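Structure at a glance
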Protein chains: 2
Amino acid sequence: MLLTVTIKHVAKAAGVAVGTVSRVLAKNKTVNEEIRIRVEEAIQELGYQPNTLGRSLRLNKTDLIGLVIPDITNPFFAELAKHVEMLASSEGYSVLLANSHDDPAAEQQQVQALLGRLPRGLILVPVSESTIGDLVSGKNTVTVDRPLQGQTLVGVDNRRGGYLAADHLLSLGHRRIAYMSGPPTLDVARERREGFVGRIREFQQQHPSQPLAFQTVDGNFDYRAGEELGNRLLRQEHPPTAIATASDQQAIGLMRAAADVGLSIPNDLSIVGFDDIPLASLVLPRLTTIRQPLAEIARIALKAILSRSSTPHDCKLEPVLVERNSTRAWPGR
Amino acid sequence: MLLTVTIKHVAKAAGVAVGTVSRVLAKNKTVNEEIRIRVEEAIQELGYQPNTLGRSLRLNKTDLIGLVIPDITNPFFAELAKHVEMLASSEGYSVLLANSHDDPAAEQQQVQALLGRLPRGLILVPVSESTIGDLVSGKNTVTVDRPLQGQTLVGVDNRRGGYLAADHLLSLGHRRIAYMSGPPTLDVARERREGFVGRIREFQQQHPSQPLAFQTVDGNFDYRAGEELGNRLLRQEHPPTAIATASDQQAIGLMRAAADVGLSIPNDLSIVGFDDIPLASLVLPRLTTIRQPLAEIARIALKAILSRSSTPHDCKLEPVLVERNSTRAWPGR
DNA sequence: CTGTTAGCGCTTTCAA
DNA sequence: TTGAAAGCGCTAACAG
């Protein structure tokens, strides 16, 4: 019978009290060298592993980080999860993963479930203000990508990202431009669009004589939406020569649509995405996109959690334009 | 000061003993209706949430499922994680996620870390036999996709999958065929290849007079390997007219390579992938592939964990060929 | 049917 | 510097 070995067994084996064992475990300096060695030998001998539950119960805190995202299958969130997990585990924390499926009810349930596990903190990509607002209030929460009233947000400066995309297209000489936005209910989507539109307006004011056609569509962030909106955009009488999207997934769906209508990228159509997911540099042609520094975002989010800073303090990182092969000067040939 | 409310507070508020509160929490039938109501009211009133730590410590078991995969960024594992998480949370469990990065040392560390949290069970996609074999032995572990000595494996019949791919290509009339395998160190990769090669040999024996060119290459499962191996394959003097790969990611990389050398799919080249990741049905052309029933795999793995069946009992599911637009009869035009 | 109590494994006073 | 003991929140065995 393989009994689990506790601190008591170690104590008896080393001929000391449990308190002493606990002290060597905690690397407490006030323990006699000789005894310390004896205890450590006993630990080795018995293969003792501290029981997290006992410790957590006593200390009233765990080494768990809760991570609630809409969908781990989305490459952007997968990347976020990976970085969070890597960083967390290197600090001795484990991460509890939960998907909200962009469903407020599911999200509420998931957050509640994770909270019940008393995590050290929660990293959250919220889908709904209302349902979880007060659930997490006062709960050491950091929000990523999307804001939540009263909680620290770490993300990218979306307006700036939109601005960069528009600026890139404009400077390439495009004058028939479309913007494919995300769901208008999401702040991220609105901000990116505003940044994009802002640069367009700015250009129009600076060059009032130059003709400039601009339109906007919106839908989900996923591949499918990119394809559908792309078809709508490209099958018009005078389709745009350049399209910026609110996500790389949309951009990749859009590439599909472009191929379907026989358009070659970047010759007939320039595309710029958003996020820089791993796939962006692997599609054909490689996608020009606005990069979000996800590793950095994860790092800051985790730091905020672990340092329990009392006051929420948003952190907006700089997005950067990554030029690859899906954009080209117009007229391009 | 917001004190955490315990079972004691509820007991006092309801005018009963803690044991009674515990009983109504456990839905124990032996509790008086009237008292039950009073307790439930007190619970509502105080917003009492049972403390998982206390319960787990007492019961010596948690509601945690450990999930250790090579890389959450890989769409196949992301999909697996999603299903595991959905199923788990619907049963009241939470999942602890860890990435091993295909590194035996990291894997060992991660497994150890998760085991220290006393999970109800471990779902594992192992990278290395040796380093974790006895770490998890006797630990209620289920292995997915890749085997581990002495542990239950749930996955797909890889030989059958390879066989299906070869059979499909052969029956389409292809006679210059290549197989792009995964890392030969992995059983999955070897089995798929064996199944594929098996069907090829079978065909040759049945039709000894028919000319049939066949070759094999191998590399990693990822996009990049697919592209590199694809280039090697396609830039030969007499390139194959059909290629089957050991993963959809390879297949998608291969599509890139095909485009680079000016080959049109499926007109000049047929491709069949493996896994059926979400992206497979979104690339252009949509990818014909061997589908792994991942939802089913996740379901069975979790069931095996939760029912603590003592003896390991492998479970091989049937893969199925999903015909889409990347394969075509040869000669095809 | 309900109250009382021991104890899960651990940390941390308090004494010695 | 170390030992003894209390107690974190909970469940279950036992007594009533």
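Residues numbered from 1 in each chain as written. Chains lettered and ligands numbered in written order. Predicted model: local features only at pLDDT ≥ 70, side-chain atom pairs only at ≥ 80, totals over all residues. Heavy atoms only, no water.

As recorded in an unreviewed UniProt entry, chain A goes by the name LacI family transcriptional regulator, listed as coming from Sinorhizobium americanum.

**Overview of the interface of chain A and chain B**
Contacts between the two partners involve 46 residues from chain A, matched on the other side by 46 residues from chain B. The contact between chain A and chain B buries some 4100 Å² in all, and 57% of this surface belongs to carbon and sulfur atoms. By the criterion of area lost to chain B, the three top residues of chain A are Leu53(A), Arg117(A) and Arg256(A), representing 17% of everything that side buries. At the boundary of chain A with chain B, the tally comes to four salt bridges. In this structure, Asp63(B) engages Arg117(A) in a salt bridge whose closest nitrogen and oxygen atoms are separated by 3.8 Å. Viewed at the interface, chain B and chain A are joined by 14 residue pairs in polar contact (both at pLDDT 80 or more). (Contact = heavy atoms within 4.5 Å. Buried area = accessible area lost by both parts, 1.4 Å probe. Salt bridge = Lys/Arg side-chain N within 4 Å of Asp/Glu carboxyl O. Polar contact = N/O pair within 3.5 Å; in protein donor to acceptor, adjacent residues only side chain to side chain.)

**Details of the pattern of salt bridges**
Residue and element names in this part refer to chain B. Applying the stated criterion to the full structure yields 40 salt bridges over all chains. Across the salt bridge formed by Arg-192 and Asp-145, the nearest N and O atoms sit 3.8 Å from each other. Linking Arg-192 in helix H9 (residues 187–206) with Asp-145 in the loop between strand S4 (141–144) and strand S5 (152–156), this pair joins segments that are 47 residues apart in sequence. Here the two residues Arg-192 and Asp-145 agree in accessibility, since each one is buried. (Helix = DSSP H or I, 4+ residues; strand = E, 2+ residues; numbered from the N terminus. Buried < 20%, exposed > 50% of the residue type's maximum accessible area, 1.4 Å probe, protein only.)

**Considerations on the packing of helix H8 (residues 158–171) of chain B against H9(B)**
All names here are of chain B. At their nearest, the axes of H8 and H9 sit 7 Å apart, and the two run at 40° to each other. By the angle class used here, H8 and H9 are oblique. Crossing of H8 over H9 shows right-handed handedness. Counted together, Asn-158, Arg-159, Gly-162, Tyr-163, Ala-165, Ala-166, Asp-167, Leu-169 and Leu-170 of H8 and Val-188, Glu-191, Arg-192, Glu-194, Gly-195, Phe-196, Arg-199, Ile-200, Glu-202 and Phe-203 of H9 form the full contact between these two elements. Considering only residue class, the contact of H8 with H9 consists of nine nonpolar, three polar and seven charged. (Axes fitted to C-alpha atoms, helices over the stretch in contact; angles between N-to-C directions. Parallel < 35°, antiparallel > 145°, perpendicular 65-115°, else oblique. Left-handed = near helix turned anticlockwise from the far one by under 90°. Nonpolar A, V, L, I, M, F, W, Y, C, P; charged D, E, K, R; others polar.)

**Observations regarding the relation of the copies chain A and chain B**
Superposition of chain A onto chain B requires a rotation of 180° combined with a translation of 0.0 Å along the rotation axis, giving an RMSD of 0.1 Å. Taken together, these values place the two copies in the relation of a two-fold axis. Taking C-alpha positions as the reference, the residue of chain A nearest the rotation axis is Leu96(A), at 2.3 Å. The overlap is high: 100% of the interface residues of chain A also sit at the interface in chain B, so the same surface is used on both sides. (Least-squares fit on C-alpha atoms with pLDDT ≥ 70 in both.)

**Thoughts on the UniProt feature "domain: HTH lacI-type" (unreviewed entry) in chain A**
According to UniProt, the "domain: HTH lacI-type" (unreviewed entry) feature falls on residues 5–59 of chain A. In this annotation, residues 5–59 of chain A is assigned 69% helix and 0% strand; the end-to-end C-alpha distance for the span is 21 Å. (UniProt positions renumbered as here; feature names shortened; annotations may be inferred.)

**Comments concerning the protein's contact with DNA strand C**
Surveying the vicinity of DNA strand C reveals 26 residues, the closest of which are Ile7(A), Tyr48(A), Arg58(A), Thr20(B) and Ile35(B). A breakdown of the atoms of DNA strand C within 4 Å of the protein gives sugar and phosphate a share of 63%. Between DNA strand C and the protein, one listed contact pairs a phosphate oxygen with a backbone N or O atom of Ile7(A) at 2.6 Å. Ser22(A) has a polar side-chain atom sitting 3.0 Å from a phosphate oxygen of DNA strand C. Contributions of two or more residues to the surface near DNA strand C are made by helix H1 (7–14), helix H2 (18–25) and helix H4 (52–59) of chain A together with helix H2 (18–25) and helix H4 (52–59) of chain B. Looking at the surface near DNA strand C residue by residue, the classes come out as ten nonpolar, ten polar and six charged. (Near = heavy atom within 4 Å.)

**Describing the nonpolar core**
Generally speaking, a soluble globular protein has its nonpolar side chains buried in company with each other. Ile123(A), Leu279(A), Ile123(B) and Leu279(B) are the most contacted members of the largest nonpolar core, which has 100 residues in total. In this structure, Leu279(B) is in contact with Tyr223(A), Leu279(A), Tyr223(B) and Ile252(B), ignoring residues within four places of it in sequence. In this structure, Leu64(A), Val68(B), Leu114(B) and Leu122(B) belong to the second largest nonpolar core, which totals 24 residues. (Core = buried A, V, L, I, M, F, W, Y, C linked by side-chain atoms within 4.5 Å.)

**With respect to the packing of helix H5 (residues 75–90) of chain A against helix H12 (residues 294–306) of chain A**
Residue and element names in this part refer to chain A. It is at 9 Å that the axes of H5 and H12 come closest, and there the two elements cross at 50°. Taken together, the axes of H5 and H12 lie oblique to each other. You can see that H5 and H12 cross each other, and the crossing is right-handed. The segment H5 lies against H12, with Phe-76, Glu-79, Leu-80, His-83, Val-84, Leu-87 and Ala-88 engaging Leu-294, Ala-295, Ala-298, Arg-299 and Leu-302. Residues that form the contact of H5 with H12 fall into these classes: nine nonpolar, one polar and two charged.

**Structural notes on the sheet that holds strand S11 (residues 315–317) of chain A**
One open sheet holds the twelve strands; their spatial order is S11(A)-S5(A)-S4(A)-S3(A)-S1(A)-S2(A)-S2(B)-S1(B)-S3(B)-S4(B)-S5(B)-S11(B), and the pairing between them is mixed. The sheet is open, and its two borders are formed by S11 of chain A together with strand S11 (315–317) of chain B, each paired with just one other strand. Between one strand and the next, the sheet's axes are offset by a mean angle of 20°, whatever the strand orientation. The pairing of S4(B) with S5(B) spans three bridges and is parallel. Its bridge partner being in S5(B), Thr143(B) is matched across the sheet by Leu153(B). (Pairing = 2+ DSSP bridges.)

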